[in-house]
Amino acid sequence: MMKKTGEEFGCKITVTDDKIIRRQIILTTFTRKMKAKIYSGFVPIRLSSSFEHVNINLAKVTHVLFGTRYVETVKIKIHANCRIRSVYFSDRLYTHKELPNDYKVEENSTAPRVNTVVADVSMVPEGSRVQGYTKGQSKQRIGSALQTTAAGHDYVHGFHTILYSMEGSPLKFWKQEVKHGNVECITDEELKTLAIEVQGKDIQTTSISCPSDPEDSLGIRLPFFNLLIKKTGEDWCFEITVTDDKNVRWQIIQTTFRKDTKAMAHVACVPLRLSTSWERISIDLAKVTHALFGTKYMETSKIKIYANCRIRRVFFTDRLYSDQELPGDFKVNIIERKTAPSTNTRMAEKSSLVPAESRLESKQRPGAGLQTTTEKSNQGFHTILNSVEKAPLKLWKEEVENGDVKCIKDEIITSSAIEVQGSDMQSTSITCPPDPEESLGIRLPCLNLLVKKTGEDWGFELTLIDDKNVHQRIYLGSHSREGTPVPLSFRWPLKLSNYWQYFCLDLADVTNRVFKTNYVEMAKIKIYANCRIRRVYFTDRLYSYHELPSDYKVKISIQG
């Protein structure tokens, strides 16, 4: 309990976390924005010139500032200018009426108000930093202890909400942009409870974004983003801006009006398929950031949700939770159907054509991350064709003229292989991805084929994208006699025997040598007749045969 007696005031609290590291939490009136460093964090505070109760949940502040668990308070340093009535710790937040008599100030006037602001950044949602100052907010709920949303529900470890439609002012941390539309709280006929409706003439005309100030950052470090939402129009999308370990911001756009995944310099568009019923969308931001941009996720900076939709809750979690694991108020009770909303973990109808780790998974298992093949994932290995899988060519387009493409059992390796056979090399081929407007988007630099030539001539064609966003084409064929560079393409002679061989190509090195640019990603692969294929995959580097995982090797049966 204290009173500020000068223009500025500061207090330094030193705590120890579960990693036995000392952290400093600095409360100050002369800082406007929150700033977190490795061992210290600045939290803006607003005080009047009257006596106030300043309440701080050190466990929560330590977690949101440093991502660690509070263990104990080591030291407190209070600077000028102030008057202090008492300094004490408690097991939870108590209202003025609940305090023992000797913890109150006996005055004829009204009791000192409880300072619930603690930080002067009202746009910072729960789980990111600390709640900001909100005019007129002078009462703090029992047990809320530094709430970072206006939520009346109790704090649940591992769950941080930034929008909840059942709150008193659910959009107080959000900026509303409305043109030819509306943003309002309505009663959903399916839920029979309140929901935020964002409706517009088209998706660009109306939106809500958090934080409201474009210069501010959410700073939320929990890696799983969740929305409980219902699409109310034909198209819908939302944007997530994340910050990586190099302090670079990346934008992930989930949209229902794109058919393919497209990654650019700092933006990636990901297709999304939704029904018109309530669904929970769950995204592993750490995995997605690494898969799309090749960097490490640190925190979420901004969320923007466009029309047309209804929103029940937007929240972050420490891991992927099944519907059964969710707390009660994180679920919805659909009265008519009496079933929980579906969990949309696939995130894209056509993302299944995108090879492993290049984009997003078409079906996500709890905690599984981003798997885009049916086989077990190996770090640094991403397969786009495996002949022993069920439906091995589901990601490929078959072009057959005077030939055939089929799965056969090869007598040498004594296992299945894809045979591409034609009257000549150009007559039959397989291509990935099947849609010519789509791109693989694979950034791993080494292409590997386990292949056997079955005719006189054979070749394959690669289309890649360089750092100038130019599509370059490399054609490798057994009938080419010498390297022939032409604008935006290169023909490379290829010599293969009629035995099974591992073919490895360093795409980064080839792109630099041939086109004098830097390799960014693989866009397309086309394999011609005549050959048999056991596997096509990408790796983070060139591996020797002994370094390969066991299921990437073949056992050659020697007869005679």
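Residues numbered from 1 in each chain as written. Predicted model: local features only at pLDDT ≥ 70, side-chain atom pairs only at ≥ 80, totals over all residues. Heavy atoms only, no water.

*Asks:* I'd like a description of unusual backbone geometry, backed by residues and values.
*Replies:* Cis geometry is adopted by the peptide bond preceding Asn 308, which originates at Ala 307 and carries an omega value of 15°. Position of Asn 308 among the secondary structure elements: in the loop between strand S21 (297-306) and strand S22 (309-317). Following Ala 529, the chain continues to Asn 530 via a peptide bond in cis, the omega torsion being 15°. Tracing the backbone shows Asn 530 in the loop between strand S35 (519-528) and strand S36 (531-539). Phi is positive for His 180, close to 60°, though the residue is something other than glycine. Summarising the element assignment, His 180 is placed in the loop between strand S11 (175-178) and strand S12 (181-187). With phi around 65°, Lys 192 is a residue other than glycine that occupies positive phi space. Its location among the elements puts Lys 192 in the loop between S12 and strand S13 (194-200). For Lys 192, a relative accessible area of 44% puts it in the partly exposed group. (Helix = DSSP H or I, 4+ residues; strand = E, 2+ residues; numbered from the N terminus. Buried < 20%, exposed > 50% of the residue type's maximum accessible area, 1.4 Å probe, protein only.)

*Asks:* Break down the pattern of salt bridges for me, with residues and values.
*Replies:* Should the charged atoms of two oppositely charged side chains come close, the side chains can pair. The tally for this structure, following the rule as stated, stands at 21 salt bridges. Across the pair Arg 92 and Glu 98 runs a salt bridge, and its minimum N-O distance is 3.2 Å. You can call Glu 98 partly exposed: its relative accessible area is 32%. For the salt bridge of Arg 319 with Glu 325, the shortest nitrogen-to-oxygen distance reads 3.0 Å. Beyond isolated ion pairs, a larger network of salt bridges with shared partners links Asp 188, Glu 189, Glu 190, Glu 197, Lys 230 and Arg 310. (Salt bridge = Lys/Arg side-chain N within 4 Å of Asp/Glu carboxyl O.)

*Asks:* Would you mind going over the sheet that holds strand S2 (residues 10-17) in detail, with residue names and values included?
*Replies:* Pairing between the strands of a sheet is mediated by backbone hydrogen bonds and can be parallel or antiparallel. In space, the five strands of this open sheet follow the order S4-S5-S3-S2-S7, with mixed pairing throughout. Only two strands of the sheet have a single partner each, and these edge strands are strand S4 (35-36) and strand S7 (70-78). The pairing of strand S3 (residues 22-28) with strand S5 (residues 40-44) spans five bridges and is classified as parallel. Across the sheet, Ile 26 pairs through a bridge with Phe 42, a residue of S5. Packing of helix H1 (residues 58-66) onto the sheet brings it into contact with S2, S3, S4, S5 and S7, and relative to S3 it is tilted by some 105°. (Pairing = 2+ DSSP bridges. Contact = heavy atoms within 4.5 Å. Axes fitted to C-alpha atoms, helices over the stretch in contact; angles between N-to-C directions.)

*Asks:* Explain helix H3 (residues 507-515) to me, and be specific about the residues and the numbers.
*Replies:* Listed in full, the buried residues belonging to H3 are Leu 507, Val 510, Thr 511 and Phe 515. Angularly, the buried residues of H3 cover 100° about the axis, an arc narrow enough to put them on a single face. Between the side-chain oxygen of the N-cap and the backbone nitrogen of Ala 508 there are 3.2 Å, and the N-cap of H3 in question is Asp 506. A positive backbone phi angle near 60° is found at Lys 516, which sits one or two residues after H3. (Arc of directions from axis to C-beta. Polar contact = N/O pair within 3.5 Å; in protein donor to acceptor, adjacent residues only side chain to side chain.)

*Asks:* So, the pairing of S12: which residues are in play, and what are the values?
*Replies:* In this sheet, S13 lies alongside S12 in antiparallel orientation, the contact comprising seven bridges. Of the residues in S13, the one forming a bridge with Val 183 is Val 198. Between S12 and S13, which pair antiparallel in sequence order, lie six residues; one of them, Lys 192, sits at a positive phi of approximately 65°.

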